[in-house]
Amino acid sequence: MLFKLKKLKTGAIAVIAMLSAIPMQGQDLLARQAPIDKKMRSVDSVALQKLINTDNLQNPAFDLYQGWHNNYVSRYNVEMPQEYKIDLRHFCMPTPSRLVTSNYGYRRTFGRMHKGLDIKVYIGDTIRAAFSGKVRIVAYERGGYGKYIVIRHPNGLETVYGHLSKQIVKEDQVVQAGEPIGLGGNTGRSTGSHLHFETRFLGQAINPAEMFDFVEQDVTGDYYLFRANGKGYVLNGNERVPADLASITPATASEKKKPAKKENPIRIHKVKSGENLSTIAKKLGTTIEKLCKMNGLSRKATLRPGQILRYS
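*Asks:* It is not clear to me how the sheet that holds strand S10 (residues 166-167) should be interpreted in this structure. Could you clarify?
*Replies:* Strands in a sheet are paired, the pairing made by backbone hydrogen bonds, and the direction either parallel or antiparallel. Pairing within the open sheet is antiparallel, and its three strands lie in the order S6-S12-S10. Of all strands in the sheet, those with a lone pairing partner are strand S6 (126-128) and S10, marking the two edges. When S10 meets strand S12 (residues 180-183), the two strands line up antiparallel, connected through two bridges. By the bridge assignment for S12, Lys166 is matched with Leu183.

Following this line, the structure appears as structure tokens:
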């Protein structure tokens, strides 16, 4: 009887051990599976983000613009939001040129508004997309932009590139920031080779200088807060931006636009036939050394008629 009890006890212990081992094996299996699940979730997240990015490029700013067309630069019949935060990160300067030859604003000479910046480039210089986006217009306008391109971007902006000598993209083509889209030129209503660069939001022109600093070859901040009243301002990365733009009040001290840099006005000289560095320096009251330094020239450089030189 005692032997039977011992045998029963031994069997019970064995059964209990087997039963207790099952959860442990399950836990080991879950532990081994956890890294795989985490990796799969990571893969899913990357795939989802890639899908979202692709859709944003195929249908840029679809929540703002009603439809898509390849006709007009600024003709939109949409309701303008009171405020909208434009992401300026992941940009590319459209040209490495730092010379702004004409600013945004009213031109007394022509009696009309100049809705962009003119940047000095030469015929054949590479022009690049400022942000990733989708090409909306590739066209020619004899009395205005000449050969020009309009690109719509997921951040809500549309950028315009005018007076090109050649367009190397097609309408409805998706482009990445920094991708070549055309070559600098002198087509359309232009008195010399340059890039006419515009930034527009729902067709409304915004001074590109509020977002792009060509002298520093950088954007002015991480974000630009567009306001329908025209009083937009820059938001930097270390400033707190409310998630709900509808709750934003007029700019606080920490959100005010960065003060403009005090710079001497840019002055340029168009080389005439027979002129050289010596005669130009004497005429403009400057030195050959200064002309060479400001224009990346050597003292022995040969100048060509029509060439633009900066002297201030």
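After that view of the structure, there is still more to cover.
*Asks:* When you look at the nonpolar core in this model, what are you seeing that I'm missing?
*Replies:* Generally speaking, a soluble globular protein has its nonpolar side chains buried in company with each other. Counting residues in each nonpolar core, the largest one holds 37 residues, and the members touching the most others are Tyr161, Ile181 and Phe212. Those elements giving two or more residues to this core turn out to be strand S1 (83-87), strand S5 (117-120), strand S8 (146-152), strand S9 (157-164), strand S13 (194-201) and strand S17 (223-227). Residues contacting Ile181, with those up to four places away along its chain left out, are Ile127, Arg128, Ala129, Ile149, Ile151, Tyr161, Gln167, Ile168, Val169 and Val175. The next biggest cluster of nonpolar side chains, apart from the first, holds nine residues, and it includes Val271, Leu277, Ile288 and Cys292.

*Asks:* Just checking my understanding: could you explain the pattern of salt bridges for this structure?
*Replies:* Charged atoms that come close allow side chains of opposite charge to pair. For the structure on display, the rule yields seven salt bridges. In this structure, Glu83 and Arg227 form a salt bridge, with 3.1 Å as the shortest nitrogen-oxygen distance. You can see Glu83 sitting in strand S1 and its partner Arg227 sitting in strand S17, a full 144 residues away along the chain. Each of the two residues, Glu83 as well as Arg227, counts as buried. One salt bridge connects Arg152 with Glu158, and the closest N-O pair in it is separated by 2.8 Å. We note that Arg152, like Glu158, is buried.

*Asks:* How should I be thinking about the side chain of Arg200 in this particular structure?
*Replies:* Mapped onto the elements, Arg200 comes out in strand S13. A polar contact is formed between the side chain of Arg200 and the side chain of Glu198, at a distance of 2.7 Å. Those residues within four positions of Arg200 in sequence are excluded, and the remaining contacts are Tyr65, Val73, Ser74, Lys115, Tyr145, Gly156, Leu157, Glu158, Val160 and Ala205.

*Asks:* Help me out: how do you make sense of the packing of aromatic side chains in this one?
*Replies:* Two descriptors summarise a pair of aromatic rings, namely the distance from one centre to the other and the angle between the planes of the rings. With the rule as written, the count across this model stands at eight aromatic pairs. Measuring from ring centre to ring centre gives 4.9 Å for Tyr145 and Tyr148, while their planes differ by 35 degrees; the resulting arrangement is tilted. Pair check on accessibility: Tyr145 and Tyr148 agree, each one buried. When the ring of Phe197 is compared with that of Phe214, the centres are 5.9 Å apart and the planes differ by 80 degrees; the resulting orientation is edge-to-face. Of this pair, Phe197 sits in strand S13 while Phe214 sits in the loop between strand S15 (212-213) and strand S16 (218-219); the two residues are 17 residues apart in sequence, bridging distant segments of the chain. According to the relative accessible area criterion, Phe197 is buried, its value standing at 0%. Of the residues examined, Phe214 reaches a relative accessible area of 2% and is grouped as buried.

*Asks:* Sorry, what's going on with the pairing of strand S7 (residues 133-141) here?
*Replies:* Every regular strand shows the same layout, with side chains that alternate between the two sheet faces. With two bridges joining them, S7 and strand S11 (residues 174-175) adopt antiparallel strand pairing. Across the sheet, Lys134 pairs through a bridge with Val174, a residue of S11. Strand direction decides the pairing type here: S7 and S8, joined by seven bridges, are antiparallel. From the neighbouring strand, Ile137 faces S8, where its bridge partner is Val150. In textbook terms, the turn of a hairpin is the stretch between consecutive antiparallel strands, and for S7 and S8 this stretch comprises four residues.

*Asks:* Even after reading the chapter, I still don't get the sheet that holds S17, so can you show me in this structure?
*Replies:* The three strands are arranged S1-S17-S18 in an open sheet whose pairing can be described as antiparallel. Of all the strands in the sheet, just S1 and strand S18 (233-235) have a single pairing partner and so form its edges. Geometrically, the sheet is characterised by an average inter-axis angle of 30 degrees between neighbouring strands, direction not taken into account. In this structure, S17 lies alongside S18, joined through three bridges in antiparallel fashion. Its bridge partner lying in S18, Leu225 is registered against Tyr233.

The rules behind the values
Residues numbered from 1 in each chain as written. Predicted model: local features only at pLDDT ≥ 70, side-chain atom pairs only at ≥ 80, totals over all residues. Heavy atoms only, no water. Pairing = 2+ DSSP bridges. Helix = DSSP H or I, 4+ residues; strand = E, 2+ residues; numbered from the N terminus. Core = buried A, V, L, I, M, F, W, Y, C linked by side-chain atoms within 4.5 Å. Buried < 20%, exposed > 50% of the residue type's maximum accessible area, 1.4 Å probe, protein only. Contact = heavy atoms within 4.5 Å. Salt bridge = Lys/Arg side-chain N within 4 Å of Asp/Glu carboxyl O. Polar contact = N/O pair within 3.5 Å; in protein donor to acceptor, adjacent residues only side chain to side chain. Phe/Tyr/Trp six-rings, centres within 6.5 Å; stacked < 30°, edge-to-face > 60°. Axes fitted to C-alpha atoms, helices over the stretch in contact; angles between N-to-C directions.

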